[in-house]
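Structural description and commentary
One-letter residues, chain by chain:
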Amino acid sequence: MTEKHLIALDLDGTLLTDDKTISEKNKHVIKKAREAGHVVMIATGRPFRSSEMYYHELALDTPIVNFNGAYIHHPLYNSWGVHHSPLSIDVAKDIVEALDDFKFHNIIAEVIDDVYVHYHDEKLMDIFNIGNPNITTGDLRRFLKASPTSMLIHSDEEDVRKIRNHLSEVHAEVIDHRSWAAPFHVVEIVKSGLNKAVGLKKASDYFQIPADRIIAFGDEDNDLEMLEYAGRGIAMGNAVDDVKNIANDMTLTNEEDGIGVYLNDLLNLKAL
């Protein structure tokens with residue numbers, strides 16, 4: 001396979017091992033793929049501040065998709081453009097108001113690198129402190145001052161379903177929502193119509209690489225649109241069933257260098 005391909009990598013559960021590192025094998029294969037002329041990019045639900053270290057570790061020079069498509073930019077070239085598509089602040093505050101009728105642990109709103117936390121929680125602080133964001137704690141109806149890039153609702157598993165049903169009934173036209181896998185039961189909310197495929201299309205247009213030469217790897221339901229858009233949507237061995245069902249192919253798990261093994265074979269890199 002000598003034609004130039006665009007390779008899109010999810011982070012958690014895909015490129016990253018369970019201890020949140022990139023294996024040496026994966027790193028070596030990705031380097032070989034780039035040396036062979038292929039384009040590698042990251043597409044993640046994470047904000048840039050908690051994915052930047054992996055971007056630099058791989059020495060990438062490509063755009064990055066953050067917040068599941070709500071924030072897309074090129075870390076090295078401002079002229080590429082910054083595509084930020086936040087939720088309406090009014091909708092965000094309506095959601096907070098409605099949650100008074102549901103059981104939940106916390107609500108987090110992120111405006112790029114400003115984090116707003118409804119209730120103080122030390123465990124959450126450890127997660128959201130990566131990259132030293134500005135953190136404001138207090139009732140989001142009072143303290144949230146700008147339209148959020150993303151909102152997260154932390155709840156128990158049985159309450160996540162009830163909250164998502166409410167969001168679908170009341171806000172379906174203006175938001176999209178997904179749930180995280182265990183151990184955190186979280187509802188993630190972004191503006192309607194946003195997903196990783198939106199960012200992938202911007203990148204494929206920029207590099208003039210058609211969809212049939214895009215290889216995308218993922219494991220969770222926030223990867224579904226990206227894997228469907230790509231000519232080759234690859235499910236990790238540890239992926240949820242919905243991802244495996246729509247994928248064109250499957251590879252080994254994130255603990256078994258699934259990305260490296262697949263790319264090495266498909267692109268004939270002779271790296272392993």
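None of these values were measured; they are calculated from a predicted model.

**So, the domain arrangement of the protein**
When cut into domains, the protein gives domain 1 (6-84 + 194-267) and domain 2 (89-191). Taking only C-alpha atoms, the centre of domain 1 and the centre of domain 2 are 25 Å apart. On the domain 2 side, the residues contacting the 16 residues of domain 1 number 18 residues. Of the roughly 1,400 Å² buried at the junction of domain 1 and domain 2 (both faces included), carbon and sulfur atoms supply 51%. Together, R49, F67 and L194 form the three largest contributors to the area buried by domain 1 at its contact with domain 2, with a combined 48%. Taken together, the links from domain 1 to domain 2 amount to three salt bridges. One salt bridge in this structure joins R49 and D113, with 3.2 Å as the shortest N-O distance.

**A few points about helix α4 (residues 89-98)**
Among all positions in α4, only I89, V91, A92, I95, V96 and A98 are buried. Residues of α4 that are buried sit in contact with β6 (106-111), α6 (140-143), β9 (150-154), α7 (157-171), β10 (175-179) and β11 (186-191). Between a side-chain oxygen at the N-terminus of α4 and the backbone nitrogen of D90 the separation is 3.1 Å; the capping residue is S88.

**What to know about the sheet that holds strand β5 (residues 83-84)**
Two strands in a sheet stick together by hydrogen bonds in their backbones, pointing the same way (parallel) or opposite ways (antiparallel). Spatially, eight strands are ordered β5-β4-β3-β2-β1-β12-β13-β14 in an open sheet, and the strand pairing comes out mixed. Taken across any chain shown, the strands that pair with only one partner, and hence form the sheet edges, are β5 and β14 (249-250). The strands that helix α8 (residues 196-207) touches are β1 (6-9), β2 (39-43), β3 (64-66), β4 (71-73), β5 and β12 (214-218); relative to β1, the one it contacts most, it runs at about 155 degrees.

**Side note on a negative patch on the surface**
Judged by side-chain charge, D18, D19, E255 and E256 come together as a negatively charged surface patch. Relative to the helices and strands, D18 is located in the loop between α1 (11-15) and α2 (24-35). For D18, a relative accessible area of 57% translates into the label exposed.

**Some details on the nonpolar core**
With 27 residues, the main nonpolar core has I7, L9, L15, I215, F217, L263 and L267 as its most contacted residues. Elements supplying a minimum of two residues to this core: β1, α1, α2, β2, α3 (52-57), β12 and α11 (258-266). Sort the elements by how many residues they give to this core and α11 lands first, with four residues. Grouped together as the second largest cluster of nonpolar side chains are 22 residues, L87, V111, L144 and M151 included.

**Concerning the pattern of salt bridges**
Two side chains with opposite charge may pair up if their charged atoms get near one another. Under the defined criterion, the tally for this structure stands at 17 salt bridges. Measuring nitrogen to oxygen at the nearest pair gives 3.4 Å for the salt bridge that ties D61 to R34. Note that D61 is positioned in the loop between α3 and β3 and R34 in helix α2, a separation of 27 residues in sequence. Classification of R34 by relative accessible area gives partly exposed; the value is 25%.

**A closer look at a nonpolar patch on the surface**
Among the surface-exposed residues, I127, W180 and F184 lie close enough to one another that they form a single nonpolar patch of about 240 Å² accessible area. With respect to the helices and strands, the residue I127 is situated in helix α5 (residues 122-128).

**Focus: the environment of A92**
Relative to the helices and strands, A92 is located in helix α4. Along the chain, A92 and I72 lie 20 residues apart, while their C-alpha atoms are 21 Å from each other. If near-sequence neighbours (up to four positions away) are discounted, A92 is found in contact with L144, P148 and M151.

**A look at α2**
Given 3.6 residues to a turn, an α-helix orients residues that are three or four positions apart in the same direction. Across its twelve residues, α2 extends 16 Å between first and last C-alpha, which sits within 8% of the 16 Å expected from 1.5 Å per residue. Turning to α2, its buried residues number three or more, namely N26, V29, I30 and A33. The arc that holds the buried residues of α2, viewed along the axis, is 100 degrees, so those residues lie on one side. Turned more than 90 degrees off the buried face of α2, the exposed positions are E24 and E35. Where α2 is buried, its residues contact β1, α1, β2 and α11. Two residues or fewer past α2, G37 is found with a positive phi of approximately 100 degrees.

Parameters at a glance
- Residues numbered from 1 in each chain as written.
- Predicted model: local features only at pLDDT ≥ 70, side-chain atom pairs only at ≥ 80, totals over all residues.
- Heavy atoms only, no water.
- Domains from an automatic or database assignment.
- Contact = heavy atoms within 4.5 Å.
- Buried area = accessible area lost by both parts, 1.4 Å probe.
- Salt bridge = Lys/Arg side-chain N within 4 Å of Asp/Glu carboxyl O.
- Buried < 20%, exposed > 50% of the residue type's maximum accessible area, 1.4 Å probe, protein only.
- Helix = DSSP H or I, 4+ residues; strand = E, 2+ residues; numbered from the N terminus.
- Polar contact = N/O pair within 3.5 Å; in protein donor to acceptor, adjacent residues only side chain to side chain.
- Pairing = 2+ DSSP bridges.
- Axes fitted to C-alpha atoms, helices over the stretch in contact; angles between N-to-C directions.
- Patch = residues over 30% accessible without salt bridge, like charges linked within 9 Å, V, L, I, M, F, W, Y side chains within 5 Å.
- Areas by Shrake-Rupley, 256 points an atom, 1.4 Å probe, with all protein chains shown as cover.
- Lys, Arg positive; Asp, Glu negative; His and termini not counted.
- Charge placed at Lys NZ, Arg CZ, Asp CG, Glu CD.
- Core = buried A, V, L, I, M, F, W, Y, C linked by side-chain atoms within 4.5 Å.
- Expected span 1.5 Å × (residues − 1).
- Arc of directions from axis to C-beta.

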